[in-house]
Amino acid sequence: LTVLDLSDSSIDHDDIQEIANLLVRVNTHVQEINLSSNYLDSHDIMATPSSTDQPTTNTTTVASINNNHSSADQPPSPHPFTDVLEHNQNITRLDLSSNDIDDEAVIAMIQAMMRSSSLSSTLSTSTLTSASTPSYTNLRVWNLGRNSITEEGAIAIASFLRQQSERASRQQRRRRGSSHPITQKSKNHTPMKSISSTNHSDTG
């Protein structure tokens, strides 16, 4: 499975939980995820249910599918959706447009992408430094249009993209060596080619 399109599918918190569990434990090769128009909020993106809320049948199903991990009699810990970004570096397109995602979830997703390169950082709009931000170059399109993102979230996204581009340029210069200056940036090393973060208020 390389493309997962569940747009406009009335996905709820339990559904997104199971999707995250499967994508982390079973399929880490998915490249495109479309969860647009599902009324997902930041809690759905970041939170995991408590053990009392976790459906027994669903965790058993996940465990039985993935024989290489925990057995059904010892259900593994549930994963938030942010773990998908941390554990799967093959994702090239992520569409979360037309939901109710806010700044907190955006920053949490950026943190997850940072952890994916084995570097973690306490992230806020005031602590985004290029020295602490790893390269996450596979994600090309991240659609966050028509959500509840404010200026804070937009600044975090812009800082993240700028620093990814700067880091990619430094990596490119190191590969070519100081005796071969770069005269033109390679398109193959652009961290993201497209991003949309239009808010609900912008569409009225």
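Going by the structure above, here's the rest.
Attention here is on the structure that accompanies the text. Residue numbers here run from 1 along each chain, matching the order of that chain's written sequence. Residues qualify for local features only when their pLDDT is at least 70, as the model is predicted, and side-chain atom pairs are given and counted only at 80 or more; totals for whole chains, interfaces and linings, by contrast, use all residues. Note that the side-chain values use all heavy atoms of the structure and ignore hydrogens as well as water.

Secondary structure summary: the chain contains six helices and five strands in total. The helix count covers DSSP runs of H or I at least four residues long, the strand count covers runs of E at least two residues long, and both are numbered beginning at the N terminus. Listed by position from the N terminus, the elements making up the chain come as β-α-β-α-α-α-β-α-β-α-β. Exposure is judged per residue with a 1.4 Å probe applied to protein chains only, and the accessible area is read against the type maximum: over 50% gives exposed, under 20% gives buried, and values in between give partly exposed. Evaluated residue by residue, the chain yields a buried proportion of 41% over its 204 residues. Taking the intrachain contacts of the chain between residues at least 6 apart in sequence as the baseline, contacts between residues at least 24 apart amount to 84%. The criterion used for residue contact is that any of the two residues' heavy atoms lie within 4.5 Å.

In this section: the nonpolar core. Ranked by internal contacts, the top residues of the largest apolar core, which has 34 residues, are Leu35, Leu94, Leu96 and Trp142. Residue assignment for this core shows that the elements contributing at least two residues are helix 1 (13-25), helix 4 (82-87), helix 5 (103-115) and helix 6 (151-176). For this core, the element with the highest residue contribution is helix 5, accounting for eight residues. With residues near it in sequence (within four places) discarded, Leu96 still touches Leu35, Ser36, Phe81, Ile101, Met109, Trp142, Asn143, Leu144 and Asn147. In plain words, nonpolar cores are sets of buried Ala, Val, Leu, Ile, Met, Phe, Trp, Tyr and Cys residues tied together by side-chain atoms within 4.5 Å.

Our next topic: helix 5. In this analysis, the expected span of each helix is defined as 1.5 Å times one less than the number of residues it contains. Its 13 residues place the ends of helix 5 18 Å apart at the C-alpha level, agreeing with the 18 Å of an ideal helix rising 1.5 Å per residue. Of all 13 residues that make up helix 5, ten are buried, and the element is covered over most of its length. For helix 5, the set of buried residues is Asp103, Ala105, Val106, Ile107, Ala108, Met109, Ile110, Ala112, Met113 and Met114. Regarding helix 5, its N-cap is Asp102, as a side-chain oxygen of that residue lies 3.2 Å from the backbone nitrogen of Glu104 further along. In protein, a polar contact requires one atom able to donate a hydrogen and another able to accept it; more generally it is a pair of N or O atoms within 3.5 Å, and residues adjacent in sequence count only if both atoms are side-chain atoms.

Relative to the 38 Å expected for 26 residues at 1.5 Å per residue, helix 6 spans 38 Å between its end C-alpha atoms, a close match to the ideal helical length. Buried within helix 6 are the following residues: Gly153, Ala156, Ile157, Ser159, Phe160, Gln163, Gln164, Ala168, Ser169 and Gln172. Phi turns positive, to about 90 degrees, at Gly177, one or two residues after helix 6.

The axes are straight lines fitted to the C-alpha atoms, using for helices just the contacting stretch, and the angles between their N-to-C directions are given from 0 to 180°. Between helix 5 and helix 6, the shortest axis-to-axis distance is 8 Å and the interhelical angle comes to 20 degrees. Accordingly, the angle class assigned to the pair helix 5 and helix 6 is roughly parallel. Considering the relative orientation of helix 5 and helix 6, their crossing is left-handed. The segment helix 5 lies against helix 6, with Asp103, Val106, Ile107, Ile110, Met113 and Met114 engaging Glu152, Gly153, Ala156, Ile157 and Phe160. An angle below 35 degrees is read as roughly parallel, one above 145 as roughly antiparallel, one from 65 to 115 as roughly perpendicular, and any other as oblique. Here a crossing is taken to be left-handed if its near helix is turned anticlockwise relative to the far helix by less than a right angle, and right-handed if that turn runs clockwise.

Salt bridges are counted wherever a side-chain nitrogen of Lys or Arg sits within 4 Å of a carboxyl oxygen of Asp or Glu. All told, the structure shown has two salt bridges when counted by the stated rule. Two residues, Arg115 and Glu86, come together in a salt bridge whose shortest N-O distance is 3.0 Å. Linking Arg115 in helix 5 with Glu86 in helix 4, this pair joins segments that are 29 residues apart in sequence. A relative accessible area of 31% means that Arg115 is categorised as partly exposed.

Attention now goes to unusual backbone geometry. The phi torsion at Tyr39 lies on the positive side, around 60 degrees, for a residue other than glycine. Looking at Tyr39, the relative accessible area reads 73%, which means it is exposed.

This next bit is on the side chain of Asp103. Examined against the element boundaries, Asp103 turns out to sit in helix 5. It is Arg146 that comes nearest to the buried, bridge-free Asp103 among opposite-charge side chains, at 16 Å. Ignoring any residue separated from it by four or fewer positions in sequence, one finds Asp103 in contact with Ser148, Ile149, Thr150, Glu152 and Gly153. We score Asp and Glu as negative and Lys and Arg as positive, and we do not count His or the chain ends.

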